[in-house]
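Each chain, letter by letter, is given below.
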Amino acid sequence: MIIYGTKATLRKTDFIADACPACGAGNVMQMNVFQRYAHVYWIPFFPIGKTGVSQCTNCKQVLKFDQMTPSLKMSYYNIKKHTAVPVWTFSGVFIICLIAVGVTISSRQTAKKVSSMITSLKKDDILQIKLKDSAYTLIKVNRVVGDSIYCVANKYQTNLESGIDDLKSKEFETEEDGISTADLKLMDKKEQILDVERN
């Protein structure tokens with residue numbers, strides 16, 4: 001279950017010269033400006049505007065924005081204009097960007113590793129293979145003879161990339177198939193080799 005919603009945090013409090021619409025006292029009105037923001041699992045994701053509340057320090061009357069007189073609303077707009085949006089209300093966006101950058105860097109490093117290892121595969125290396133859009137499996141290097149790689153395929157496939165690790169404990173075929181280094185390079189270019197593991 002995803003927990004999400006909106007919250008508001010006090011950003012600015014100023015005293016204004018407007019008279020209280022309830023008790024008529026002057027110079028006793030306090031204007032509070034709140035920043036509203038959307039959150040997911042209580043992590044602020046992005047700001048969604050501001051709102052205001054006025055309070056009379058004499059009679060304690062509190063007015064929400066839609067209850068304010070035109071004069072109070074004008075004072076609210078003036079204070080709101082000089083109230084900055086806090087950077088932390090974008091925390092969720094920053095976190096997503098950091099994760100995206102991290103995933104991109106990791107993917108590039110893995111791709112670089114795969115490309116370098118293809119030309120120097122050894123017995124028992126395990127290649128993570130993408131067969132099609134929703135099918136993944138493993139092949140294990142049995143032996144290397146010149147530019148020919150003789151491998152055995154895992155007997156099972158998974159429809160999720162995250163399920164590849166579960167195949168390591170599954171059986172491999174006993175009959176080996178040969179593939180050239182050139183063909184492996186072509187598969188790598190087509191992003192069909194996701195990773196190469198060496199124990």
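Residues numbered from 1 in each chain as written. Predicted model: local features only at pLDDT ≥ 70, side-chain atom pairs only at ≥ 80, totals over all residues. Heavy atoms only, no water.

Trainee: Describe the sheet that holds strand β8 (residues 177-180), naming the residues involved and giving the relevant values.
Mentor: Taken in spatial order, the 5 strands make up an open sheet running β8-β7-β6-β5-β9, and their pairing is antiparallel. Edge positions in the sheet fall to β8 and β9 (193-197), since each of these pairs with one other strand and no more. On average, adjacent strands in this sheet sit at an angle of 35° to one another, irrespective of strand direction. Two elements, strand β7 (residues 148-153) and β8, share 4 bridges in a ladder whose sense is antiparallel. The residue bridging Y150 from the neighbouring strand is G178, located in β8. Where helix α3 (residues 181-189) meets the sheet, it contacts β5 (126-132), β7, β8 and β9, and its direction lies at approximately 75° from that of β8. (Pairing = 2+ DSSP bridges. Helix = DSSP H or I, 4+ residues; strand = E, 2+ residues; numbered from the N terminus. Axes fitted to C-alpha atoms, helices over the stretch in contact; angles between N-to-C directions. Contact = heavy atoms within 4.5 Å.)

Trainee: Any details on the pattern of salt bridges? Residues and values, ideally.
Mentor: In the structure shown here, the tally under the stated rule is 6 salt bridges. Between D195 and K113 there is a salt bridge whose closest N-O contact spans 2.8 Å. Linking D195 in strand β9 with K113 in helix α2 (residues 91-118), this pair joins segments that are 82 residues apart in sequence. K113 sits in the partly exposed class, given a relative accessible area of 33%. Its salt-bridge partner being D165, residue K168 comes within 3.1 Å of it at the nearest N-O pair. The class for K168 is partly exposed, based on a relative accessible area of 34%. The exposure class of D165 is partly exposed, given its relative accessible area of 47%. Ionic contacts of the salt-bridge type, sharing partners, join the residues D165, K168 and E197 into one network. (Salt bridge = Lys/Arg side-chain N within 4 Å of Asp/Glu carboxyl O. Buried < 20%, exposed > 50% of the residue type's maximum accessible area, 1.4 Å probe, protein only.)

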